[in-house]
Every structure is written in structure tokens, then in C-alpha cells.
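# Structure at a glance
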Amino acid sequence: MNEREKLLETVRESEVEFIHLQFTDILGVMKNISITVDQLDKALNNEIMFDGSSIDGFVRIEESDMYLRPDLSTFVVLPWSSYPKEARLICDVFMADGTPFEGCPRNTLKKVLKEAYDMGYILNVGPECEFFLFHTNERGQPTIETHDDAGYFDLAPADLGGSARKEMTLVLKQMGFEIEASHHECAPGQHEIDFKYADALTTADNIMTFKMAVRIIAQRHGLHATFMPKPKFGLSGSGMHVNMSLQTLDGKNAFYDETDEMQLSKTAYHFLGGVMEHAKGFTAITNPTVNSYKRLTPGYEAPTIIAWSSGNRSPLIRVPSKREKSTRIELRSPDPSANPYIGLAAVLKSGLDGIKNNIEPPKPVNRNVYKMDESEMAERGIERLPANLYEAVQELLKDSVVQEALGRHALKKFIDAALYEWGEYSKYVSQWELDRYLRKF
Ligand code: ADP
Ligand code: MG
Ligand code: MG
Ligand code: MG
Ligand code: MG
């Protein structure tokens, strides 16, 4: 039986009635075109067409006919559907003439992964997605109240968030995730669920699936799950640390070298050097909202300066002490509002640039970098991450390597959207300004 026949048999056996054909827009929002099972043959022949001009960051009306190509390996029955049973397939977007669409984030990532493969590497990625669980009000709208701090919910069952998280873990396991850990995070109502690393494309798909499952299960518990980076002032924000290693085509960890004092290979150092060199350039992609930059402030274990360390959790990059198979570097700036496909494409491209050009990373900084003052930073040549979305876009415009990772189409759409967002935000008069200036001036 070939892959297609196997899939059709699974669909029959599991009594699936609906299949959601999923893909992601440039801003990282999941899109769905749903079909009934009798249309599945057509879908597997790549004949499902949609209007690309209706999707954010896709195309103009003149060239709007686009086609979906389901990736059969992504088939999964959605455990929360009972009757009728539903399943999903993640798709790539193609043009009418059969060429991959440049603005499809999954195609963007595949292109960079191919470049890595041609250099002899597979990128393995393990993400740590943090999120908040908030109560909803009488009208079902999300609040920013959590059980831990909302006094009037005292009569609710003891740990609403905890039991929701337990169910999320079980549902994700049913969907094929290997859950390594799940725990309460620093802030009230904040959680983290970690799943095992995989190749970058699988991981990017997994991140999209993860967010969908977490939101749906939260809803079933009367809660709202948010991946907004900094929902509450004065508390930790939600990050999405990205753990990365390169694997050689014969299955070895290319970052491991037992003879080095830190047991890191030349490849690891150069990858690290490349990621640091382009950190300012890819921040707009890994931290794409105006709110992202409110997380990247001192004091909450989120990075602000471009440095690396072997243990300390305040710099941009940490090299965890685990070695051999788990030798990896942890990039701590990304947050879960990022589009995982183009985010990983931008970071990987940066690392590969480091390998190609033998970029040596600076010396590690093994102390609390929040405590370093401006003059010491200047002396050591240490720079900061962009302070806001506008600065980040300006840095992206200077970085041709990161630009190349995105490709011209996605780059333009991304920058237009980010600058529009910044423009809207800049015009808005906030409560903070009223509190600060209304009486003073
Ligand atoms: P932390 O110590 O930062 O809290 P976690 O234990 O929460 O880290 O998450 C570590 C992540 O790194 C997991 O997703 C894990 O699967 C992943 N990981 C482990 N080894 C590798 C590797 N060799 N390459 C990429 N990711 C890895
Ligand atoms: Mg963790
Ligand atoms: Mg951990
Ligand atoms: Mg965490
Ligand atoms: Mg971490």
C-alpha cells in the first residue's frame, strides 16, 4: 500500500466526515479550507483551489487562483471532534502553473532547510511555548483575570488552569506529540508545555497544531488561552525559546565535539556566531508585534542584549550544560506570536551564514547581564536587541541575509504589515500617557 492508499484507509476506519486543509498566512495565522471526505480524492490530486487574494499577505486579485498540496504525513484526527469526526492535513500553497508560491511560509522554510541539507545538515528544533490561561466573562469574552489572582473566582474548582493543562497534555499525546514536561510558569495563570524536538519543518507544523489544541481545550474549560507575548504589566511575558542543533546526514549531532573545552564543535561556534551577527536583523520576524518588545525588557528572564552564556539565563543565547546528543543552543528571544515557519527560516539562515563565513562568536558572558551598564557594554562591544517593532524593521531592512531567507514577496508583505501596525500603535493615546501628562501639562 502506498502512502495515499494508507491515508484513505485510515480515513475510512476512523469514520472521519470532515477534513480541514490547513495552511498559514505570513502573519502566522492558521487558515482552513474544510472539505467533506468525498472531496478527499480531489484534494490529494492537488485540485483544491482557493482565492489567494482573500488571505493576508498573499496576492492581488489578478493572480488569485491558488492550489493546496496536502502533506500526507501531517494527517491527524482531531481528538476533540466527536460526531462528526474531523481530521486535518497541513498543505503547501502552489500557483496555478504548479510552482511553489513564494508567499507560503511553509515553502519559505523548506527552501532554507534544503540549503542546509545541501550543506550536509538537518536542523533539529525543540520549542518551549509559554502561554496564559485567563477567565472569560459572562459574555464569553476573554479577560486578563486568572484563577490564581481573581478573588471572586474563589468558589471555582481549585485549579482550573492545572486541570486544563492536564487535558491539553493528553490531547497532544493523542495527536502524536511526545510531551517532555508541562509546568506552571512564573506568573499567575502562566503555563509551559514542552514537546520533544524534531526536524524544523515538523516542529513548525507542531507549533501551529499546539496553539490550536491549547486554545480549543482552554475554551472547553471556560478559559481563554493566549500566546500574546506580554499580556500583563509587571509580570513575566510568554516566550518561545528555540532550542536548536544541526544533525549530520549520518545522524550525528554536528554541534558536539568532546575535545573542546565546552564540548562544542567549530560548526556550533560558527552557527552561534551567525545567529548573533543577524540577531538584530531577524528580531522583527521572531518578535513581530508591538507587544513583543514589552516582554524584551530587563528583569523577567527575557533577553535584552546580544550575548551568549553557558549557564546564565539572562543573555540572548544559552548553551545548556547537557552534552553529546542533547548539545544545543537555546535562543531565548523569540515569542509565540511569531510565525514559526518564517521565524525558523530566518534564524537557520543566520546560523548557516555563520558556518559559510566562519563567523566567530564573541566571548561568552557568564554573569547577570542585566547588571551591565552602558559604558561596560560599549567597552566590550555588546549591543542591544531592537527596542521596538519600528527599530526591528529598520534592522531587517539592513540585513540582506535575513531578507534572502524570506524572499522578496514575503519580505515586502511582512514589512508593510509591521509598519502599518507600528503606525496604528504610534497614533494611539494610552492610559499610561493620560495618567502621566494630563495633570502635569
Ligand atoms: P529549559 O531548560 O530551557 O527549560 P526545556 O527542558 O523546557 O528547557 O526544553 C528543552 C527543549 O530542547 C525540548 O523541546 C527538547 O526536546 C529540546 N532539545 C533537546 N535536545 C535537543 C537537540 N539536540 N536539538 C534541538 N532541541 C533539543
Ligand atoms: Mg522550559
Ligand atoms: Mg525545563
Ligand atoms: Mg519557560
Ligand atoms: Mg528554556
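Residues numbered from 1 in each chain as written. Chains lettered and ligands numbered in written order. Predicted model: local features only at pLDDT ≥ 70, side-chain atom pairs only at ≥ 80, totals over all residues. Heavy atoms only, no water.

## Some thoughts on the overall build of the protein chain
Across its full length, the protein chain carries 14 helices and 15 strands. A compact globule built from 441 residues should have a C-alpha radius of gyration of about 22 Å, and the protein chain, at 22 Å, falls within 12% of that. By its C-alpha atoms, the protein chain is 65 × 60 × 45 Å across when sized along the principal axes. Across the 441 residues that make up the protein chain, the buried fraction comes to 52%. With the model as given, the accessible surface of the protein chain reaches about 20,800 Å², and the carbon-plus-sulfur share is 50%. (Helix = DSSP H or I, 4+ residues; strand = E, 2+ residues; numbered from the N terminus. Rg over C-alpha atoms; globule rule 2.2 N^0.38 Å. Buried < 20%, exposed > 50% of the residue type's maximum accessible area, 1.4 Å probe, protein only. Areas by Shrake-Rupley, 256 points an atom, 1.4 Å probe, with all protein chains shown as cover.)

## Brief notes about a nonpolar patch on the surface
Residues Val 429, Leu 434 and Leu 438 make up a contiguous nonpolar surface patch of about 280 Å² in total accessible area. Taking the relative accessible area as the measure of exposure, Leu 434 reaches 36% and is therefore partly exposed. (Patch = residues over 30% accessible without salt bridge, like charges linked within 9 Å, V, L, I, M, F, W, Y side chains within 5 Å. Salt bridge = Lys/Arg side-chain N within 4 Å of Asp/Glu carboxyl O.)

## A word on the coordination of the magnesium ion (ligand 5)
Bound to the magnesium ion (ligand 5) are the protein donor atoms Glu 128 (OE), Glu 128 (OE), His 241 (ND1) and Glu 330 (OE), situated 1.9 to 2.4 Å from the metal. If you list the donors of the magnesium ion (ligand 5) from N- to C-terminus, the spacing comes out as E-x112-H-x88-E. In this structure the magnesium ion (ligand 2) is found 3.9 Å away from the magnesium ion (ligand 5), and Glu 128 serves as a bridging donor for the pair. One end of the pair, His 241, is in strand β12 (residues 240-248); the other, Glu 330, is in strand β15 (residues 329-331), and 89 residues separate them in sequence. Comparing His 241 with Glu 330 shows no difference in burial state: the two are buried. (Donors = N, O, S within 2.8 Å, 3.2 Å for Na, K, Ca; no water.)

## Re the pattern of salt bridges
Taken as a whole, this structure holds 20 salt bridges when the rule is applied. Arg 384 is the salt-bridge partner of Glu 374, the closest N and O atoms lying 2.5 Å from each other. Of the two residues, Glu 374 is situated in helix α10 (residues 374-380) and Arg 384 in the loop between α10 and α11 (389-398); the sequence distance between them amounts to 10 residues. Glu 376 is the partner of Arg 380 in a salt bridge, and the nearest nitrogen-oxygen pair spans 3.5 Å. You can see Arg 380 and its partner Glu 376 sitting in helix α10, 4 residues apart, about one turn around the helix. With a relative accessible area of 44%, Arg 380 lands in the partly exposed category. Counted as one network, the salt bridges with shared partners bring together Asp 71, Asp 92, Arg 106, Lys 110 and Asp 205.

## A look at the environment of Gly 103
Tracing the sequence through the fold places Gly 103 in the loop between β6 (85-95) and α3 (105-118). When the C-alpha positions of Gly 103 and Arg 215 are compared, they lie 26 Å apart, and in sequence the two are 112 residues distant. If we skip the residues at most four places from it in the chain, Gly 103 touches Ile 26, Phe 58 and His 409. (Contact = heavy atoms within 4.5 Å.)

## Examining the confidence of the model for the protein chain
Chain-level statistics for the protein chain give a pLDDT mean of 92 and a share of 96% at 70 or above. Taken as a whole, residues 150-157 scores under 50 in pLDDT and shows 7 contacts with residues more than four places along the chain or in a different chain. Scoring of the predicted complex yields 0.95 for pTM and 0.97 for ipTM. (pLDDT = per-residue confidence, 0-100.)

## Regarding the domain arrangement of the protein chain
Accessible area lost upon the coming together of the parts serves often as the stated size of an interface. Each assigned domain of the protein chain is listed with its residue range as follows: domain 1 (3-100) and domain 2 (111-432). If you average the C-alpha positions of domain 1 and of domain 2, the two centres end up 27 Å apart. In this assembly, 18 residues from domain 1 lie in contact with 20 residues from domain 2. Ranking the residues of domain 1 by area buried against domain 2 places Ile 26, Pro 79 and Trp 80 at the top, with a combined share of 40%. Taken together, the connections running from domain 1 to domain 2 amount to 0 salt bridges. Remark: the boundary between domain 1 and domain 2 carries 4 residue pairs in polar contact (both at pLDDT 80 or more). Taken together, the elements giving at least two residues each to the side of domain 1 that touches domain 2 come down to β1 (16-24) and β6. (Domains from an automatic or database assignment. Buried area = accessible area lost by both parts, 1.4 Å probe. Polar contact = N/O pair within 3.5 Å; in protein donor to acceptor, adjacent residues only side chain to side chain.)

## A closer look at the packing of helix α5 (residues 200-220) against helix α9 (residues 340-356)
Viewed as axis vectors pointing N to C, α5 and α9 meet at an angle of 145°, and their least axial separation amounts to 9 Å. In this structure, the crossing between α5 and α9 has a hand that is right-handed. Every residue of α9 that contacts α5 at Ala 200, Leu 201, Ala 204, Asp 205, Ile 207 and Met 208 is listed here: Pro 340, Tyr 341 and Leu 344. Class assignment for the residues of the contact of α5 with α9 results in 8 nonpolar, no polar and 1 charged. (Axes fitted to C-alpha atoms, helices over the stretch in contact; angles between N-to-C directions. Left-handed = near helix turned anticlockwise from the far one by under 90°. Nonpolar A, V, L, I, M, F, W, Y, C, P; charged D, E, K, R; others polar.)

## Brief notes about the pairing of strand β3 (residues 48-51)
Covered by surrounding structure in β3 are Ile 48 and Phe 50 only, the residues Met 49 and Asp 51 on the alternate face being uncovered. By the bridge criterion, 4 bridges tie β3 to strand β4 (residues 65-70) in an arrangement that is antiparallel. Of the residues in β4, the one forming a bridge with Asp 51 is Asp 65. (Pairing = 2+ DSSP bridges.)

## Some thoughts on the coordination of the magnesium ion (ligand 4)
Six octahedrally arranged donors around a metal ideally form angles of 90 or 180 degrees; four tetrahedrally arranged donors ideally form angles of 109.5 degrees. Within the protein, the magnesium ion (ligand 4) binds to Glu 130 (OE), Glu 185 (OE) and Glu 192 (OE); these donor distances fall in the range 2.0 to 2.3 Å. When the donors of the magnesium ion (ligand 4) are listed by position in the chain, the intervening gaps give E-x54-E-x6-E.

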